[in-house]
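Next come the chains, spelled out residue by residue.
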Amino acid sequence: MTAESLNDKTIASYDDLLSIFHAAIKPATEFRVGAEMEKFGVYADGNPVPYDGERGVQALMEELASTKGWAKDAESEGGPLIALLRDGASITLEPGSQFELSGAPLENCHQICAEFREHLAELVPFSQRAGVRWLGLGFHPFARRDQYTMVPKQRYGVMREYLPTRGSLALDMMLRTATVQANYDYSSEDDAMTKMRVALRLAPLTTALLANSPFYEGKPFGGKSYRAKVWLDTDPDRSGLVPTLWKKGAKFVDYVEWALDVPMFMFKRDGQKVSNTGQTFRSFWKSGYQGHKALLSDWQTHLNTLFPEVRLKKTIEVRGADSQGSKLACALPALFTGIFYDEKALAEADALTHDWTLDEITASRKEIWQKGLGARFRVGTLVPLAEKIIEIAEGGLERRAILSPNGKDERIHLARLKELVSKGQTPADVLLEGIENVRDLTATIIARTDLASDAQA
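Definitions and cut-offs
Residues numbered from 1 in each chain as written. Predicted model: local features only at pLDDT ≥ 70, side-chain atom pairs only at ≥ 80, totals over all residues. Heavy atoms only, no water. Axes fitted to C-alpha atoms, helices over the stretch in contact; angles between N-to-C directions. Helix = DSSP H or I, 4+ residues; strand = E, 2+ residues; numbered from the N terminus. Parallel < 35°, antiparallel > 145°, perpendicular 65-115°, else oblique. Left-handed = near helix turned anticlockwise from the far one by under 90°. Contact = heavy atoms within 4.5 Å. Nonpolar A, V, L, I, M, F, W, Y, C, P; charged D, E, K, R; others polar. Disulfide = S-S within 2.5 Å. Buried < 20%, exposed > 50% of the residue type's maximum accessible area, 1.4 Å probe, protein only. Phe/Tyr/Trp six-rings, centres within 6.5 Å; stacked < 30°, edge-to-face > 60°. Pairing = 2+ DSSP bridges. Salt bridge = Lys/Arg side-chain N within 4 Å of Asp/Glu carboxyl O.

Considerations on the packing of helix α14 (residues 343-353) against helix α16 (residues 383-400)
Argument step 1. Orientation of α14 relative to α16, taken along the N-to-C sense of each, is 165 degrees, at an axis distance of 8 Å. In this view, α14 runs roughly antiparallel relative to α16, as classed from their interaxial angle. Regarding α14 and α16, the two cross each other, and that crossing is right-handed. Of α16, the residues touching α14 (which contributes Lys-344, Ala-345, Glu-348, Ala-349 and Leu-352) are Leu-385, Lys-388, Ile-389, Ile-392, Gly-396 and Arg-399.
Argument step 2. Of the residues contributing to the contact of α14 with α16, the split by class is 6 nonpolar, 1 polar and 4 charged.

Here it is in structure tokens:
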């Protein structure tokens, strides 16, 4: 049976729901890392780069397709350009035209950094002509909601109407946030569950380590990650910490049970959306909707509309970090490569966090956005825990012993993060240094977050 016919298969049992995860199991020799990095395009005045127009992201994508070998992708024949594809990588757009590189599955962090540098270099000709700067941080530092038009992707229109009914900051999540994420493989169900469990426990610490969005509409807002604040008020059904996985002995089916009870956005038939907000996937599976029955392709679509801090699909996706400046762009992939892809490191991280409870981690998320590493956890701040988890990751990366052309192993990609933690700082603290004394705040923020500069070094 072909992949296409499998997607068209009507879901008959739990085995069908679980098949996506079981089919993704692979030997450790085939493990890869895929990094996803979003960024904001702005003009000199700080205004966001829109989708349309000769200086918009659609024009940029057309140029990349014609000059750099990217293949254009639309949701339907003749539909608007929403993605580019090349050699296992893709360029996609978030609802507010945040420009995202979803990298190819690569063997190591050196390759990830090289891919990111190549991507930025490809943007230079258009960006220079159009007067666009690309900013690496977790929340748009200038733009207001009313400055946006939505990228014309079918799902985004549904989300625009539905998500504000679930959280007052949901539109901010769509339009004004940006993240760096990393995707990892698993060798068995137990391996997947251990990685999910560890990453969920570490989720607030991950956010604190990489807190990098201290600005709101042109000035500091008083905290370290406005993006993290937004996620606390977006949609409690489909975000957060996946409570079903915190019990001892959790399996794939426990993630499935959680996902089944999350309301849907939509599904597609013949390339066209069928809006279906509010009905849980469990209800859709059991009862259908307007004569439609649930297909495996619908289940895959639904899994892609879940936004927990760590997401299970064909890979494990770590999602809790703000987007970063160029010096820390590879820090998240390196951190979890060191933890996930070394047996000793994974066991150490599991042991370190084994008695951390869901209630504790949930409570800590409510402080992280404001205090970063200064947030309290049990008897102290997060700083010593951050130092310990970096040490564990470094051990894993050292044992991997994968060298760059200049002879450095993958620990080099954690060096800047380690330096900040030694000072009790987050990337946001660096962005804020002396900010109260600058004359042109907009120009300074752009300079400090510009991915083409070394201002955060």
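Digging into the state of the cysteines
Argument step 1. Scanning the model with the defined rule gives 1 disulfide in all.
Argument step 2. Covalent S-S linkage joins Cys-113 and Cys-330, the inter-sulfur distance amounting to 2.0 Å. One end of the pair, Cys-113, is in helix α4 (residues 109-130); the other, Cys-330, is in the loop between β15 (316-322) and α13 (331-340), and 217 residues separate them in sequence. Neither Cys-113 nor Cys-330 differs from the other in exposure class; each is buried.
Argument step 3. In this model Cys-109 remains outside any disulfide bridge; the closest cysteine sulfur is found in Cys-330, 7.1 Å from its own.

Side note on the packing of aromatic side chains
Argument step 1. Applying the stated criterion to the full structure yields 23 aromatic pairs.
Argument step 2. With 4.7 Å between their ring centres and 40 degrees between their planes, Tyr-216 and Tyr-226 make a pair best called tilted. Of this pair, Tyr-216 sits in strand β8 (residues 215-216) while Tyr-226 sits in helix α9 (residues 226-231), placing them 10 residues apart in sequence.
Argument step 3. Its relative accessible area of 25% is what places Tyr-216 among the partly exposed residues.

Points about the pairing of β15
Argument step 1. Among the 7 residues of β15, 7 are classified as buried, and the element is accordingly described as predominantly covered.
Argument step 2. Relative to β15, strand β7 (residues 179-184) is paired through 5 bridges, and the arrangement is antiparallel. Bridge assignment links Ala-182 to a residue of β15, and that residue is Val-318.
Argument step 3. In this sheet, β15 lies alongside strand β14 (residues 310-312) in antiparallel orientation, the contact comprising 3 bridges. Note on β15: the bridge partner recorded for Val-310 is Val-318.
Argument step 4. Remark: 3 residues form the turn of the hairpin made by β14 and β15, two consecutive strands paired antiparallel.

As for the pattern of salt bridges
Argument step 1. Throughout the structure, instances matching the rule amount to 41 salt bridges.
Argument step 2. When the shortest N-O distance is used, the salt bridge between Lys-418 and Glu-394 registers 3.2 Å. Placement of Lys-418 in helix α17 (residues 415-422) and of Glu-394 in helix α16 is noted, with a sequence separation of 24 residues between them.
Argument step 3. On the basis of relative accessible area, Lys-418 is assigned to the partly exposed category, the value being 42%.
Argument step 4. For Glu-419, the salt bridge is made with Lys-423, and the minimal N-O distance between the two is 3.6 Å.
Argument step 5. Take Glu-419: its relative accessible area is 35%, and that puts it in the partly exposed class.

Points about the environment of Ala-351
Argument step 1. Along the chain, Ala-351 falls in helix α14.
Argument step 2. In this structure Ala-351 comes out as partly exposed when scored by relative accessible area, which is 48%.
Argument step 3. Spatially, the C-alpha atoms of Ala-351 and Val-198 are 9.2 Å apart, while their sequence positions differ by 153 residues.

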